[in-house]
There are 2 protein chains.
Amino acid sequence: MDNRYIIIMAGGIGSRFWPLSRDEKPKQFLDIIGTGETLIQQTYRRFKDACPEGNIFVVTNADHKEIVIEQLGIDPSRVLGEPFRRNTAPCLAYGTFRILKENPDAIIAVTPADHLIVKEEKFNEVLQSCFDFAEGNDALITLGIKPDRPETGYGYIQADQKKPVKGHRNLLKVKTFTEKPDIDLAKVFIESGDFYWNSGIFIWNIKAILSAFEKHMPDMYTVFNEGRDLFGTKQEHSFIGKTYAECRSISIDYGIMEKAENVYVMCTDIGWSDLGTWSSLYEHSSVDKKGNSLIRGEIFSYENERNIFNISPGKIAVIQGLKDYIVVDSDDVLLIVKKEEEQNIKQYLEDVKNATKEKFL
Amino acid sequence: MDNRYIIIMAGGIGSRFWPLSRDEKPKQFLDIIGTGETLIQQTYRRFKDACPEGNIFVVTNADHKEIVIEQLGIDPSRVLGEPFRRNTAPCLAYGTFRILKENPDAIIAVTPADHLIVKEEKFNEVLQSCFDFAEGNDALITLGIKPDRPETGYGYIQADQKKPVKGHRNLLKVKTFTEKPDIDLAKVFIESGDFYWNSGIFIWNIKAILSAFEKHMPDMYTVFNEGRDLFGTKQEHSFIGKTYAECRSISIDYGIMEKAENVYVMCTDIGWSDLGTWSSLYEHSSVDKKGNSLIRGEIFSYENERNIFNISPGKIAVIQGLKDYIVVDSDDVLLIVKKEEEQNIKQYLEDVKNATKEKFL
């Protein structure tokens, strides 16, 4: 148990949730579904019984270290600040080498900070099973989510039904990874029954992941390995600054998972969502009789149907006659957009950036 | 010229423009069409060359005396505070007796503070002509606006085409007054060509209006007349407090204009609107290529048509896919309502009142 570690990846920007999610306070630091906890607080609580509390590390943008410490009440030495955004591979190299310094026998679970898991008890059982398998095996395990629709926004993992792992129910060898498919392919995946959504939650022992870095991303392995003695010392900060400047921006999926031979998928159904879109949020929030999701705010609603309303605290909204819209009111930005057009929010944000010199980001 | 006086009636609450118009700052004190002037500032400027500046009186709710003084830079002794809202008859009785005290030969033009007149030059000519006629005649003149549509929100005046006043073009005897007609009647009015909208702008000499009060509203005349020596003295304030408490709430139209025999209408076309609804505002504001009226605020507009947008200064709005809506964002209230449902705003405001204990009024 003392060898178990968690790395929470909290470096995202969540621009699809603008104007709620801002440079200063991205999505993971918001109570975006109105439960009373921010997403990173939910994530931290979800994992904290799975290992000694001191064994949880959070990797985040250096600008957000303070907010992590404040929201989690975590020992500041466990919050690793990234000087630049470099996707998940450098983030995990950093976390892994930091853990290596204090425990070369670590078994590590890796998780995004901003996902939702509704069936927490089931998740914990699954996690234990993965830890158990990872401890004694050179294996890279990913949690695969049983899909219930041909979602085109997720990556898919094909499991090899012929290669189950004995003694670990639902743990299978991985056959293929596919990045976001088009709708036709997604439908084929769903029908086949062999495909699972890639949750971005991984479990492995430290030797397995370091070997994988060495084999599949030798350049990144080399630069981090050169500083292996500096982690946990005063030199870590400047070493990371220099190293990140040289790093490619690349995901762990693309850099390692899609290439490695020793990848396993734990096929499960834990009520997972990456909360990557307002619509995915909508599916997980409570609604009124007309299907309106009143996530936040005091709303006087008349003849509205299937909208997502999110209004600043202390403000009221009187809304009439909207169907299938997203209405988000933050202190300095009002967003009204049809749900079906939400993929354009990023473009709108670009337009605002260009016109306002980033005042509203 | 020195006998000419203006009474600006600024006691309205403008609740149809909530949440922009608030108890604290009703419509007449707002730059509601985005011209850089508030409505009362526009009104004051429009009349100030028609008489000596010291001859303009403003009657307003006592709570709003300060804001009138601040917005107009007017001598505080010319701002008459009403202790209660009592409609236009008591308001004009107050103004008239106040003027009587300093000039028993006054000729008075009376105007609401919150209307729009686009053709200001033409209006000035018309006003001069009315003053000229009113000076030597026992006449109650109302400005009648040539209607361009069968509007059901206005009162209508039927002119007697057979009784034009010689030497005063377009000045006719009035035949009938009709309060807001239904749409069928309004259409008949328009087709007949004899009907004009009642603008609520009146011109008369002080003897004519005092006689009319005495004849048609003897109760109100009597109570005000009892205090005639107190106007302009230290006792005015307490006298008005007592008198208003006893007054009926009644309009000058209902109390006098509809009953008097000596009523004339100056038939004109001065680009007038009472700005009584968002839609009337819409007609007088500039629009973008898609017909959206961006009255106030920085708006990023995508695929919107024929909306009215009014956003707090310093805030931006990103709005997509709305057609024929009113969107008003004030500091503490967001209103989104279909243009065709705007008559319900008053009801929504009631609901908010009941639910929030008047916090948002």
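First things first, this report covers the structure right here in the doc. In this text, all values refer to a predicted model and were calculated from it rather than measured experimentally.

**A short note on the overall build of chain A**
Thinking step 1. Summing up its helical and strand segments, chain A has 11 helices and 17 strands in all.
Thinking step 2. Compactness check: chain A gives a C-alpha radius of gyration of 21 Å against a globular reference of 21 Å for 361 residues, within 12% of the reference.
Thinking step 3. Along the longest, intermediate and shortest principal axes, the C-alpha atoms of chain A span 60 × 50 × 35 Å.
Thinking step 4. For chain A, with 361 residues in total, the buried portion stands at 58%.

**Some thoughts on the pattern of salt bridges**
Residue and element names in this part refer to chain A.
Thinking step 1. Per the counting criterion, the structure on display carries 46 salt bridges over all chains.
Thinking step 2. One salt bridge connects Lys163 with Asp160, and the closest N-O pair in it is separated by 3.9 Å.
Thinking step 3. Since its relative accessible area comes to 46%, Lys163 is described here as partly exposed.
Thinking step 4. Judged by its relative accessible area of 12%, Asp160 falls in the buried class.

**Notes on the pairing of strand E14 (residues 308–311) of chain A**
All names here are of chain A.
Thinking step 1. The alternating pattern of E14 places Ile308 and Asn310 and Phe309 and Ile311 on opposite faces, both of which are buried.
Thinking step 2. Relative to E14, strand E12 (residues 293–296) runs parallel, the two being bridged by three bridges. The residue of E14 that forms the bridge with Leu294 is Phe309.
Thinking step 3. With four bridges joining them, E14 and strand E16 (residues 325–329) adopt parallel strand pairing. Within E16, the residue paired with Ile311 across the bridge is Asp329.

**Digging into the relation of the copies chain B and chain A**
Thinking step 1. Mapping chain B onto chain A calls for a screw motion: a turn of 179° about the axis and a shift of 0.1 Å along it, with 0.1 Å RMSD after fitting. Such a turn and shift between the copies fits a two-fold axis. Across chain B, the rotation axis passes nearest the C-alpha of Asp331 of chain B, at a separation of 4.2 Å.
Thinking step 2. Here 100% of the interface residues in chain B have copies in chain A that are interface residues too; the copies meet face to matching face.

**Remarks on the side chain of Lys315 of chain A**
Thinking step 1. Structurally, Lys315 of chain A can be placed in the loop between E14 and strand E15 (316–320).
Thinking step 2. By relative accessible area, which is 5% here, Lys315 of chain A ends up buried.
Thinking step 3. Sequence-distant contacts of Lys315 of chain A, defined by excluding residues within four places in its chain, comprise Glu298 and Asp329 of chain A together with Lys315, Asp329, Ser330, Asp331, Asp332, Val333 and Leu334 of chain B.

**Observations concerning the sheet that holds strand E12 (residues 293–296) of chain B**
Thinking step 1. Taken in spatial order, the six strands of this open sheet run E13(A)-E15(A)-E17(B)-E16(B)-E14(B)-E12(B), and their pairing is mixed. The open sheet has two edge strands, strand E13 (298–302) of chain A together with E12 of chain B, and neither has a second partner. Strand-to-strand twist of the sheet, defined as the mean angle between neighbouring strand axes without regard to direction, takes the value 10°.
Thinking step 2. As defined by bridge partners, strand E16 (residues 325–329) of chain B adjoins strand E17 (residues 333–338) of chain B across five bridges and the pair is classed as antiparallel. Its bridge partner lying in E17 of chain B, Asp329 of chain B is registered against Leu334 of chain B.
Thinking step 3. The sheet strands contacting helix H11 (residues 345–356) of chain B are E13 and E15 of chain A together with E17 of chain B, and the helix crosses E13 of chain A at an angle near 145°.

**A word on the packing of aromatic side chains**
A ring pair, where both rings are aromatic, is described by two values, the distance of the centres and the angle of the planes.
Thinking step 1. All chains considered together, the criterion is met by 36 aromatic pairs over all chains.
Thinking step 2. Ring geometry for Tyr156 of chain B versus Phe189 of chain B: centroids 5.1 Å apart, planes at 55°, classification tilted. Remark: Phe189 of chain B occurs in helix H5 (residues 183–192) and Tyr156 of chain B occurs in strand E7 (residues 156–164); sequence separation between them is 33 residues. Both residues of the pair, Tyr156 of chain B and Phe189 of chain B, count as buried.
Thinking step 3. Joined through ring pairs, the aromatic side chains of Tyr94, Phe97, Tyr221, Phe224, Phe231, Phe239 and Tyr244 of chain A make up one cluster.
Thinking step 4. One cation-aromatic arrangement involves Lys259 of chain A over Tyr254 of chain A; the distance from NZ or CZ to the ring centre is 4.7 Å.

**Comments concerning the side chain of Ser15 of chain B**
Residue and element names in this part refer to chain B.
Thinking step 1. With respect to the element layout, Ser15 can be found in the loop between strand E1 (4–10) and helix H1 (39–47).
Thinking step 2. Taking the relative accessible area as the measure of exposure, Ser15 reaches 16% and is therefore buried.
Thinking step 3. Once residues lying within four places of it in the same chain are set aside, the contact partners of Ser15 are Ile345, Lys346 and Leu349.

**A short note on the interface of chain B and chain A**
Thinking step 1. Counting from both sides, the interface comprises 33 residues of chain B and, opposite them, 33 residues of chain A.
Thinking step 2. On the chain B side of the contact with chain A, Val318, Gln320 and Leu334 of chain B bury the most area, a combined 24% of that side's loss.
Thinking step 3. Here chain B and chain A share two salt bridges between them.
Thinking step 4. As a salt-bridge pair, Lys315 of chain A and Asp329 of chain B come within 2.6 Å of each other at their nearest N and O atoms.
Thinking step 5. At the level of secondary structure, the elements contributing two or more residues to the side of chain B that touches chain A comprise strand E13 (298–302), strand E15 (316–320), E16, E17 and H11 of chain B.
Thinking step 6. Here the element with the most residues in the side of chain B that touches chain A is E17 of chain B; it accounts for six residues.
Thinking step 7. Per-class residue counts for the side of chain B that touches chain A are 20 nonpolar, five polar and eight charged.
Thinking step 8. Note that strand E17 (residues 333–338) of chain A and E15 of chain B share four bridges and pair parallel.

**Section: the sheet that holds E15 of chain B**
Thinking step 1. Read across the sheet, six strands follow the order E12(A)-E14(A)-E16(A)-E17(A)-E15(B)-E13(B) without closing on themselves; strand pairing throughout is mixed. The strands lining the two open edges of the sheet, one partner per strand, are E12 of chain A together with E13 of chain B. Across this sheet, the average inter-strand angle for adjacent strands is 10°, counted without regard to direction.
Thinking step 2. Running at roughly 145° to E13 of chain B, helix H11 (residues 345–356) of chain A makes contact with E17 of chain A together with E13 and E15 of chain B of the sheet.

The rules we used
Within every chain, residues take consecutive numbers counted from 1 along the sequence as written. To read the labels, note that chains go from A and ligands from 1, taken in the order they are written. The predicted origin of the model limits local features to residues at a pLDDT of at least 70 and limits the giving and counting of side-chain atom pairs to 80 or more, whereas totals for whole chains, interfaces and linings rest on all residues. Just so you know, side-chain values use all the structure's heavy atoms and leave hydrogens and water out. The way it works is that DSSP assigns letters per residue, a run of H or I at least four long becomes a helix, a run of E at least two long becomes a strand, and they are numbered from the N terminus. Computation of the radius of gyration draws on C-alpha atoms alone. For the globule rule, the value is 2.2 Å times the number of residues to the power 0.38. Burial here depends on accessible area, computed with a 1.4 Å probe over protein chains only, as a share of the maximum for the residue type. Under 20% is buried, over 50% is exposed, and the range in between is partly exposed. For this analysis, a salt bridge means a side-chain nitrogen from Lys or Arg found within 4 Å of a carboxyl oxygen belonging to Asp or Glu. Here the rule is simple: two strands pair whenever DSSP picks up at least two bridges between them. Here the copies are superposed with least squares, the fitted atoms being C-alpha atoms of residues at a pLDDT of at least 70 in both. Any two residues having at least one pair of non-hydrogen atoms within 4.5 Å are treated as being in contact. What counts as an axis is a line fitted to C-alpha atoms, over the stretch in contact for a helix, and the angles between N-to-C directions run from 0 to 180 degrees. Any Phe, Tyr or Trp ring, taking Trp's six-membered ring, that has another such ring centre within 6.5 Å forms a pair; planes under 30 degrees apart are called stacked, those over 60 apart edge-to-face, and the others tilted. We call a charge positioned above a ring when the Lys NZ or Arg CZ atom is no farther than 6 Å from the ring centre and deviates by at most 35 degrees from the ring normal. The buried area of a pairing is the accessible area, by a 1.4 Å probe, that goes missing from both parts when the two are put together, added over both. Residue polarity is assigned by list, with Asp, Glu, Lys and Arg as charged and Ala, Val, Leu, Ile, Met, Phe, Trp, Tyr, Cys and Pro as nonpolar; anything else, Gly included, falls into the polar class.

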